[in-house]
Amino acid sequence: MNTDELIASSKEYIMNTYNRIPVVLVKGEGTKVWDSDGKMYLDFVAGIAVCNLGHSHPRVVEAICKQAAMLTHVSNLYHIQPQIEYARLLVQNAFPGQVFFCNSGAEANEGAIKLARKYSCEKHGPGRYEIISMENSFHGRTMATITATGQKKFQVGFEPLLDGFRYAPFNDVAALEKAITEKTCAILLEPIQGEGGIKIPDPDYLAQVRKLCNERGLLMILDEVQVGMGRTGTLFAYQDSGIEPDIMTLAKAIGNGYPIGAMLAKKEVASVFVPGNHAATFGGNPLGMAAALATLKTMLDERVVEHCAGMGRYFMAALEHLKQKHAVIREVRGKGLIVGIELTVEGAGIVSRCRELGALINCTAGNVLRFVPPLTVTAEEIDQVVGILDAALGEVK
């Protein structure tokens, strides 16, 4: 089928749950992708912060192929060697605890909500089950996670929402403290709000939330689904804040494109889950864990996180230069290689024009251009995308 036929078939047979761009991507290598017509693009979306090592990284491809030829799935009725190896490496590079594996960020957050409630019930008794999340947050699309998400647009039409969630303004510890009641068991937040518009809190915000949780006997849950695995210039976003969460959720970049989610919790908290409390048929299967293990080992061996930090500084400086040139740019903000440009106009037209010129970018919150390229991106590739963006912004009337 040609491109038009493929897109027509997509509309005919696939549910209309995405505003899909009229492009069929068929191949990727590093920071580049090609569509079904053979056009090449520089991909600064990376599957929405998923392909942190770039597309088709040879070490990940090799690991998947090798594992697929040996064993793809046996279920968690048995111990799984690559799962054990990955869990150990993850914990060694994060904080002491234990891991639950699933398939997505929403599942990881769903598991964190269940774990927090069960821990609180066992430690404090029933009645203390509420979780405070942040306004403008995003935590997934299951019933529990859209309820935890502090954006009405994701909740409309799915009422009644679940009981047990309250909201507080992001980056406002005083307001957060006022939101705590005798029913509160945990605070759930993203270290950086990605879907909410690349909102970055004050440098001491996470430390203040950690202190508040300690004082009030609450669990601190960090949703690092988008910002974890090196995206911010540290392996995990919390690591430059001098704190550790009680529970951390991960997904997106874990398998560099293979769908995996993970919830890491400190042992005292994790211990309340016993057989029968929670499960995921495909969670941590051999194929996924081989991809995850190869991804994390590559990130550590090739110092990808350090490269990300350097390229993030380079990218931000280039975008700040563009800000001086284009009045339509209200603010440039970011950390590592999660970068946003807030515009004075809607961003959809800029995204489309950049695509026409050969760069894939994304818009969130209506007017924030989001850039989450592979962490392996080069300065030359950044320069090319900045040039394309410059041209697109120059056409704004």
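Just above, that's the structure.
Keep in mind the model is a prediction, meaning the values are calculated, not measured.

Things to note about the sheet that holds strand β2 (residues 32-35)
Then step 1. Pairing is mixed in the open sheet, where four strands are placed in the order β1-β2-β3-β13. Each of the sheet's edge strands pairs with one partner strand only, and the pair in question is β1 (25-29) and β13 (359-360).
Then step 2. Two strands pair when backbone bridges link them, and β1 and β2 are joined in this way by four bridges, in the antiparallel orientation. Across the sheet, the residue bridging to Glu-29 is Lys-32, located in β2.
Then step 3. Packed on one face of the sheet, helix α13 (residues 379-394) meets β2, β3 (40-43) and β13 and runs near 105° to β3.

Quick word on the sheet that holds strand β9 (residues 247-250)
Then step 1. Strand order in the open sheet formed by seven strands is β4-β10-β9-β8-β7-β5-β6, with mixed pairing between adjacent strands. Of all strands in the sheet, those bounded by a partner on one side alone are β4 (98-102) and β6 (165-168). Each strand of the sheet is rotated relative to its neighbour by a mean of 20°, with strand direction disregarded.
Then step 2. Summarising the sheet, strand β7 (residues 184-189) and strand β8 (residues 219-223) pair through four bridges and their orientation is parallel. Each residue of the ladder has a partner; that of Ile-187, found in β8, is Met-220.

Some words on the pattern of salt bridges
Pairs can form between side chains of opposite charge once their charged atoms are near each other.
Then step 1. If you walk through the whole model with that rule in mind, you get 18 salt bridges.
Then step 2. For Lys-32, the salt bridge goes to Glu-381, with nearest N and O atoms at 3.5 Å. In this pair, Lys-32 sits in strand β2 while Glu-381 sits in helix α13, placing the two residues 349 residues apart along the sequence.
Then step 3. Given a relative accessible area of 29%, Lys-32 falls into the partly exposed group.

Considerations on the nonpolar core
Then step 1. Counting 82 residues, the largest nonpolar core has Tyr-86, Ile-187, Leu-189 and Leu-389 as its most contacted members.
Then step 2. It is helix α11 (residues 304-325) that contributes the most residues to this core, nine residues altogether.
Then step 3. Leaving out residues up to four positions away in the same chain, Ile-187 has contacts with Ile-132, Met-134, Leu-176, Ile-180, Val-209, Leu-212, Cys-213, Leu-218, Leu-219, Met-220 and Ile-221.
Then step 4. The next biggest cluster of nonpolar side chains, apart from the first, holds 25 residues, and it includes Phe-100, Ala-116, Ala-186 and Val-272.

Description of the pairing of β9
Moving residue by residue along a regular strand, the side chains alternate between the two faces of the sheet.
Then step 1. Alternating positions in β9 separate into two faces, Ile-247 and Thr-249 on one and Met-248 and Leu-250 on the other, with burial throughout.
Then step 2. The sheet contact formed by β8 and β9 spans three bridges and is parallel. Residue pairing for β9: Leu-222 is matched across the bridge by Met-248.
Then step 3. Two elements, β9 and strand β10 (residues 261-265), share four bridges in a ladder whose sense is antiparallel. Bridge pairing links Met-248 to Leu-264 in β10.

Side note on unusual backbone geometry
Then step 1. Going from Glu-159 to Pro-160, the amide bond is cis rather than trans, its omega being 5°.
Then step 2. Along the polypeptide, Pro-160 turns up in the loop between α6 (143-148) and β6.
Then step 3. Even without being glycine, Ser-56 reaches a positive phi, approximately 55°.
Then step 4. Here Ser-56 lies in the loop between α2 (46-49) and α3 (58-70).
Then step 5. The class of Ser-56 is partly exposed, set by a relative accessible area of 49%.
Then step 6. Phi at Ser-75 takes a positive value of approximately 80°, unusual for a residue other than glycine.

What about the state of the cysteines?
Then step 1. All chains considered together, the criterion is met by zero disulfides.
Then step 2. As a non-bridged cysteine, Cys-65 has Cys-51 as the owner of its nearest cysteine sulfur, 15 Å distant.
Then step 3. In this structure Cys-213 is not part of a disulfide, and its nearest cysteine sulfur, from Cys-185, lies 10 Å away.

Remarks on the environment of Ala-87
Then step 1. Mapped onto the fold, Ala-87 is located in helix α4 (residues 81-93).
Then step 2. Taking the C-alpha atoms as reference, Ala-87 lies 12 Å from Lys-297; in sequence the two are 210 residues apart.
Then step 3. What Ala-87 contacts, discounting residues up to four positions off in sequence, is Val-99 and Phe-101.

A closer look at the side chain of Gln-155
Then step 1. Here Gln-155 is to be found in the loop between α6 and β6.
Then step 2. A polar atom in the side chain of Gln-155 sits 2.7 Å from the backbone oxygen of Thr-149.
Then step 3. Here Gln-155 is in contact with Ile-146, Thr-147, Thr-149, Leu-161 and Tyr-167, once residues within four sequence places are set aside.

Reading the values: the criteria
Residues numbered from 1 in each chain as written. Predicted model: local features only at pLDDT ≥ 70, side-chain atom pairs only at ≥ 80, totals over all residues. Heavy atoms only, no water. Pairing = 2+ DSSP bridges. Helix = DSSP H or I, 4+ residues; strand = E, 2+ residues; numbered from the N terminus. Contact = heavy atoms within 4.5 Å. Axes fitted to C-alpha atoms, helices over the stretch in contact; angles between N-to-C directions. Salt bridge = Lys/Arg side-chain N within 4 Å of Asp/Glu carboxyl O. Buried < 20%, exposed > 50% of the residue type's maximum accessible area, 1.4 Å probe, protein only. Core = buried A, V, L, I, M, F, W, Y, C linked by side-chain atoms within 4.5 Å. Disulfide = S-S within 2.5 Å. Polar contact = N/O pair within 3.5 Å; in protein donor to acceptor, adjacent residues only side chain to side chain.

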